[in-house]
Every structure is written in C-alpha cells, then in structure tokens.
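# Overview (structure and organization)
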Amino acid sequence: MAKVIALYKQPADKEKFDAHYFNVHAPLTQKIPGLRDMKVTKIIGSPMGKSDYYLLCEMIYDDLDALQTAMKTDEGKASGKDVMQFAGDLVTLMIGESVDE
C-alpha cells in the first residue's frame, strides 16, 4: 500500500481553511481515480501542548504505481493545483509505503 501524506501547518484563519478544505478540496481529491481511502485527522495538540500542525491527510492507493498513475489524471492534477493555491505555504506533501501489511 502506498500513500500521499499531506501535513498542514496552523492556518491564520481556521474557519476559512476548513470551509475550503472540507467543501472544495476534499471532494475534489476524493474523485481521483485509484484512491482507495482518504483519512483526515485534525491535530488537537501534542504531548508538549500546542502543535505547529493543524491537519493531516492520508490518501491511500493500492501501490506506488497506482499512486503515480492517479497523480497524472486530470483529477489528480486538479487536486494538486487546488492545494497549492489555497495552502501552498502551509502544506508539506510526502509519499510513503506501508510497512505493516
């Protein structure tokens, strides 16, 4: 299993971020062909108290080939363009492979 992990820093306007993320970006991302599952976690703190991070999203694909194919689709490109427009300065994107299968 392969995944794209998006880690978002704290936005200046959480309500505006949430409105765009949950009403525009997430539905756009969920349309990407080959996406097996999408898990979104709101970060509520850390063991040391406040966290620099606000949201974590895992987009899960069958394997690395499926992920790479999905990113080349119109839906994958639209999702990538959207995230850069509304949260380009907040997001860190990573690609990983599960080791617990």
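Residues numbered from 1 in each chain as written. Predicted model: local features only at pLDDT ≥ 70, side-chain atom pairs only at ≥ 80, totals over all residues. Heavy atoms only, no water.

## Brief notes about the pattern of salt bridges
To be explicit about the condition: Should a side-chain nitrogen of Lys or Arg be within 4 Å of a carboxyl oxygen of Asp or Glu, the pair is scored as a salt bridge. Only runs of H or I of at least four residues qualify as helices and only runs of E of at least two qualify as strands under DSSP, and these elements are numbered from the N terminus.
Under the criterion given, the structure shown has 3 salt bridges. In this structure, the salt-bridge partner of Lys3 is Glu58, at a minimum N-O distance of 2.9 Å. Linking Lys3 in strand S1 (residues 2-9) with Glu58 in strand S3 (residues 53-61), this pair joins segments that are 55 residues apart in sequence. Across the pair Asp62 and Arg36 runs a salt bridge, and its minimum N-O distance is 2.5 Å. Of this pair, Asp62 sits in the loop between S3 and helix H2 (64-71) while Arg36 is found in the loop between helix H1 (14-30) and strand S2 (37-42), placing the two residues 26 residues apart along the sequence.

## Notes on the pairing of S3
Short version of the rule: When DSSP finds two or more bridges between a pair of strands, those strands are recorded as paired.
Bridge analysis of S1 against S3 gives 8 bridges, and the strand direction is antiparallel. Paired with Leu7 across the two strands is Leu56, which belongs to S3. Where S2 lies against S3, 6 bridges are found, and the strand directions are antiparallel. Note on S3: the bridge partner recorded for Val40 is Cys57.

## What about the nonpolar core?
For clarity, the cut-off: Only buried residues count toward a nonpolar core, which is a set of Ala, Val, Leu, Ile, Met, Phe, Trp, Tyr and Cys residues joined through side-chain atoms within 4.5 Å. Buried means the residue's accessible area, taken with a 1.4 Å probe over protein chains only, is under 20% of the maximum for its type, while exposed means over 50%, and partly exposed covers the values in between. Contact between two residues is taken to exist if any of their heavy atoms lie within 4.5 Å; hydrogens are not considered.
Of all hydrophobic cores here, the largest spans 22 residues; its most connected members are Tyr8, Phe17, Tyr21, Met38, Met59, Tyr61 and Phe86. Element by element, the count of residues in this core is highest for S3, at 5 residues. Beyond its immediate stretch of four places on either side in the chain, Phe86 contacts Tyr8, Phe17, His20, Tyr21 and His25.

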